[in-house]
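# Examination of the molecular architecture
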Amino acid sequence: MIKDRKLGDEWGEWDGNLARTELNVEAGKRLFLGFTVLGIFILTLAMVVIWYLIKPRIVQLSPVVANVLEKTIIILIGLLFLIFVQTVLSIVIRRNLNIRLWKINFSITFLTPFILALGKKFAISYDRMGNSFIKVSNALICATHWKMTRSKVLILLPRCLKRPIQKQIIAIAEKYHCLIFTVPGGELARKIISEQKPTAIIGVACERDLMSGIRDVQKIPVIGIPNQRPEGPCKNTTVDYHKIEEAIRFFLELDIQLPADKLSPVHS
């Protein structure tokens with residue numbers, strides 16, 4: 001069961017100091033992908049060392065079991081590197097090469113919790129690494145041709161957006177006949193998704209809430225658009241509403257060749 005969360009819960013430890021919010025957390029895709037490579041090497045080294053230490057004992061107990069375990073470890077290491085290469089190639093050629101089973105894409109992003117923790121060891125904030133992750137996730141979404149028999153795009157907004165920005169986004173949603181809701185938390189968001197059954201979702205929030213939301217929804221394509229927080233989290237936030245329109249046009253196939261970087265206009 002998915003634990004309920006309110007938008008902004010991820011900022012529960014914030015003490016009100018604007019410096020701690022890292023107002024400019026923009027980061028390219030290379031940050032997340034680079035730490036992913038480092039993470040894979042660390043996991044590989046850990047598996048090899050552990051196996052080296054326990055192999056003699058397992059061989060004594062059962063040579064057959066030892067052989068099976070060794071081949072399993074080699075396969076797991078190979079799969080990690082294979083999935084990483086598939087992810088990078090998907091982004092570069094803008095064609096999703098990742099394994100897809102039961103409407104779920106299997107990409108290297110499943111290592112996200114580990115990569116976030118690893119980044120923290122190198123003084124890379126949760127928000128900056130999250131910003132990079134969202135760009136990677138958006139790029140993979142844009143690299144996929146979604147076979148939709150109908151197009152029902154759902155836009156989810158946080159309550160902290162400035163009123164003028166909200167009005168502009170509502171106007172865009174009406175222009176393209178999209179559903180739009182302002183949600184206070186994860187439980188209501190999941191209820192809306194369950195009731196409305198959208199074919200695609202566009203979410204606006206801070207990096208922390210977007211990552212939590214993307215993990216909650218796996219079978220529906222989600223494009224996340226981080227907001228800007230000039231006054232700190234959960235207060236008078238803004239967002240470039242042009243990115244929302246670009247995401248809508250992508251899902252409605254009005255711009256088939258829409259570059260993924262338009263949704264994340266920073267150096268990759």
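Calculation criteria
- Positions within a chain are numbered from 1, following the residues in the order the chain's sequence is written.
- Local features in a predicted model are, by the rule used here, given only for residues with pLDDT of at least 70; side-chain atom pairs are given and counted only at 80 or more, and totals for whole chains, interfaces and linings are based on all residues.
- In computing side-chain values, all of the structure's heavy atoms are included and hydrogens and water are not.
- To qualify as a helix, a DSSP run of H or I must reach at least 4 residues; to qualify as a strand, a run of E must reach at least 2; elements of each kind are numbered from the N terminus.
- Whether a residue is buried, partly exposed or exposed follows from its accessible area with a 1.4 Å probe, protein chains only, as a fraction of its type maximum: under 20%, in between, or over 50%, in that order.
- In what follows, residue pairs with any heavy atoms lying within 4.5 Å of each other are defined as contacts.
- Only the protein chains shown count as cover for residues, with accessible areas throughout obtained via the Shrake-Rupley method and a probe of 1.4 Å.
- Lines fitted to the C-alpha atoms define the axes, with helices restricted to the stretch that makes contact. Angles between their N-to-C directions range from 0 to 180 degrees.
- Comment on the angle field: the value is read as roughly parallel under 35 degrees, roughly antiparallel over 145, roughly perpendicular from 65 to 115, and oblique elsewhere.
- Crossing handedness is read from the near helix: turned anticlockwise from the far helix by less than a right angle, it gives a left-handed crossing, and turned clockwise, a right-handed one.
- Side-chain classes are defined by residue name, with Ala, Val, Leu, Ile, Met, Phe, Trp, Tyr, Cys and Pro counting as nonpolar, Asp, Glu, Lys and Arg as charged, and the others, Gly among them, as polar.
- Paired strands, in this sense, are two strands between which DSSP finds at least two bridges.
- Place the viewer so that the strands point away; then a crossover is right-handed whenever the path from the first strand over the helix to the second strand goes clockwise.
- Only rings of Phe, Tyr and Trp enter the pairing, Trp through its six-membered ring, and a pair is recorded when the two centres are within 6.5 Å. The plane angle decides the type: under 30 degrees is stacked, over 60 is edge-to-face, the rest tilted.

Helix and strand content of the chain: eight helices and six strands. Helices and strands appear in the chain in the N-to-C order α-α-β-β-α-α-β-α-β-α-β-α-β-α. With 268 residues in all, the chain has 45% of them scored as buried. In the chain, of all internal contacts separated by at least 6 residues, the share reaching a separation of at least 24 is 73%. Here the chain has roughly 14800 Å² of accessible surface; of this, 62% comes from carbon and sulfur atoms.

Turning to the packing of helix α4 (residues 126-142) against helix α7 (residues 207-216), a few remarks are in order. Put simply, α4 and α7 touch, their axes get as near as 9 Å, and they point 45° apart. With respect to their mutual orientation, α4 and α7 come out oblique. For the pair α4 and α7, the crossing hand works out as left-handed. The segment α4 lies against α7, with Y126, D127, G130, N131, F133, I134 and S137 engaging E207, R208, L210, M211, I214 and R215. In terms of residue class, the contact of α4 with α7 is built from six nonpolar, three polar and four charged.

Of all the six residues making up strand β5 (residues 200-205), six are buried; the element is thus mostly covered by neighbouring parts of the structure. With burial as the criterion, each face of β5 is covered, one bearing A200, I202 and V204 and the other bearing I201, G203 and A205. As paired elements, strand β3 (residues 153-158) and β5 share four bridges and run parallel to each other. Following the sheet pairing, L156 is matched in β5 by G203. For β5 and strand β6 (residues 222-226), the ladder comprises five bridges, and the chain directions are parallel. Each residue of the ladder has a partner; that of G203, found in β6, is G224. For the crossover that starts at β5, traverses α7 and ends in the parallel β6, the hand is right-handed.

As a further point, take the packing of aromatic side chains. In total, this model carries four aromatic pairs according to the counting rule given. The interplanar angle of 75° and the centroid separation of 5.5 Å between the aromatic rings of F41 and F81 together place this pair among those described as edge-to-face. Linking F41 in helix α1 (residues 29-61) with F81 in helix α2 (residues 63-93), this pair joins segments that are 40 residues apart in sequence. In this structure F41 comes out as partly exposed when scored by relative accessible area, which is 48%.

Attention shifts here to the sheet that holds β5. Judged by pairing direction, the sheet is parallel, and its four strands sit side by side in the order β4-β3-β5-β6 without closing on themselves. Of all the strands in the sheet, the pair left with one neighbour each is β4 (179-183) and β6. Each strand axis lies, on average, 20° off the axis of its neighbour in the sheet, ignoring direction. Each of β3, β5 and β6 is contacted by helix α8 (residues 241-251), which is oriented at about 170° to β5, the strand it contacts most.

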